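Structural description and commentary
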Amino acid sequence: MKRREFITLLGGAAVAWPLAARAQQPAMPVIGYLSSRSPGESAHHLGAFRQGLNQAGYAEGRNVAIEYRWADGQYDRLPALAAELVARQVAVIAATGGNVSGPAAKAATGTIPIVFIVGDDPVRLGLVASLNRPGRNATGMSVFTTELASKRLELLHELMPDASIIGLLSNPNYQGSAPEVVAVQAAAGTIGRQLLVLNASTEADIDAVFATLAQRKSARSWSAPTRCS
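These notes cover the structure that comes with them. This is a predicted model, so every value here is computed, not measured.

This brings us to the packing of helix H3 (residues 78-87) against helix H4 (residues 101-108). At a closest axis distance of 8 Å, the pairing of H3 and H4 adopts a crossing angle of 50 degrees. It follows from the interaxial angle that H3 and H4 lie oblique. Between H3 and H4 lies a crossing of right-handed hand. Note on element contacts: H4 touches H3 through Ser101, Ala104, Ala105 and Ala108, opposite Leu78, Pro79, Ala82, Ala83 and Val86. Of the residues that constitute the contact of H3 with H4, the class distribution is eight nonpolar, one polar and no charged.

Okay, structure coming up:
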């Protein structure tokens, strides 16, 4: 082999070897992060999520990638966003932002693992078969905010025992609002108080609700299962 041909061959091998080595390396795992909220209002939760990954030995951009999908309070967008993550073939989906993200992810895939956090009973939401045996591809945790709703009403009654009418602010577009309203209504009946349910799903709705509450001179009970966009 001539000297020039040998140098050319060696140079080509030097270029091809790193490419072949990189091709043999396993692909970086991708986590799908699905939230009903916006990045701004989720900054604290997202920081905690990344911290948890770091404690488990994962760092975003170094040995794991994260695909974010934000619904910005528009819950009807969640099914399409979940479908995008499934098409992206993520390794796992983290469903956050209340009770609506988990069911959207569960409806989109029966095989990709889903880790959810909800405020209601995950069995009632159809996410798991039972609390001790979740089954299939979804698991997570619940803070059971529905059960806490009646406790908030009881605390408000202790602070303002003379209030005969108590206002409850609820977002009708939020999946967890209906059972929470039922729980608070039951609690109000137990203490002999009238519950005034006022629905609001936008900032303009909230302003109108508080104007109504001021006119009725009722005690104000802020019970927002999720933030309005």
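Let's shift gears to the environment of Arg88. Mapping Arg88 onto the fold places it in the loop between H3 and strand S3 (92-96). The class of Arg88 is partly exposed, set by a relative accessible area of 37%. As a C-alpha pair, Arg88 and Val30 span 58 residues in sequence and 8.8 Å in three-dimensional space. Once residues within four sequence positions are removed from consideration, Arg88 is found in contact with Val30 and Glu67.

With that settled, consider the packing of aromatic side chains. Per the stated rule, a full pass over the model turns up four aromatic pairs. An angle of 65 degrees between the planes, with centres 5.0 Å apart, marks the rings of Tyr33 and Phe49 as edge-to-face. Note that Tyr33 is positioned in strand S1 (residues 30-35) and Phe49 in helix H2 (residues 43-55), a separation of 16 residues in sequence. Residues Tyr68 and Trp70 carry aromatic rings whose centres are separated by 6.0 Å and whose planes lie at 10 degrees to one another, so their mutual orientation is stacked. Looking at Tyr68, the relative accessible area reads 21%, which means it is partly exposed. Taken together, the ring pairs in this structure connect Tyr33, Phe49, Tyr68 and Trp70 into an aromatic cluster.

What counts and how
- Residues numbered from 1 in each chain as written.
- Predicted model: local features only at pLDDT ≥ 70, side-chain atom pairs only at ≥ 80, totals over all residues.
- Heavy atoms only, no water.
- Axes fitted to C-alpha atoms, helices over the stretch in contact; angles between N-to-C directions.
- Helix = DSSP H or I, 4+ residues; strand = E, 2+ residues; numbered from the N terminus.
- Parallel < 35°, antiparallel > 145°, perpendicular 65-115°, else oblique.
- Left-handed = near helix turned anticlockwise from the far one by under 90°.
- Contact = heavy atoms within 4.5 Å.
- Nonpolar A, V, L, I, M, F, W, Y, C, P; charged D, E, K, R; others polar.
- Buried < 20%, exposed > 50% of the residue type's maximum accessible area, 1.4 Å probe, protein only.
- Phe/Tyr/Trp six-rings, centres within 6.5 Å; stacked < 30°, edge-to-face > 60°.

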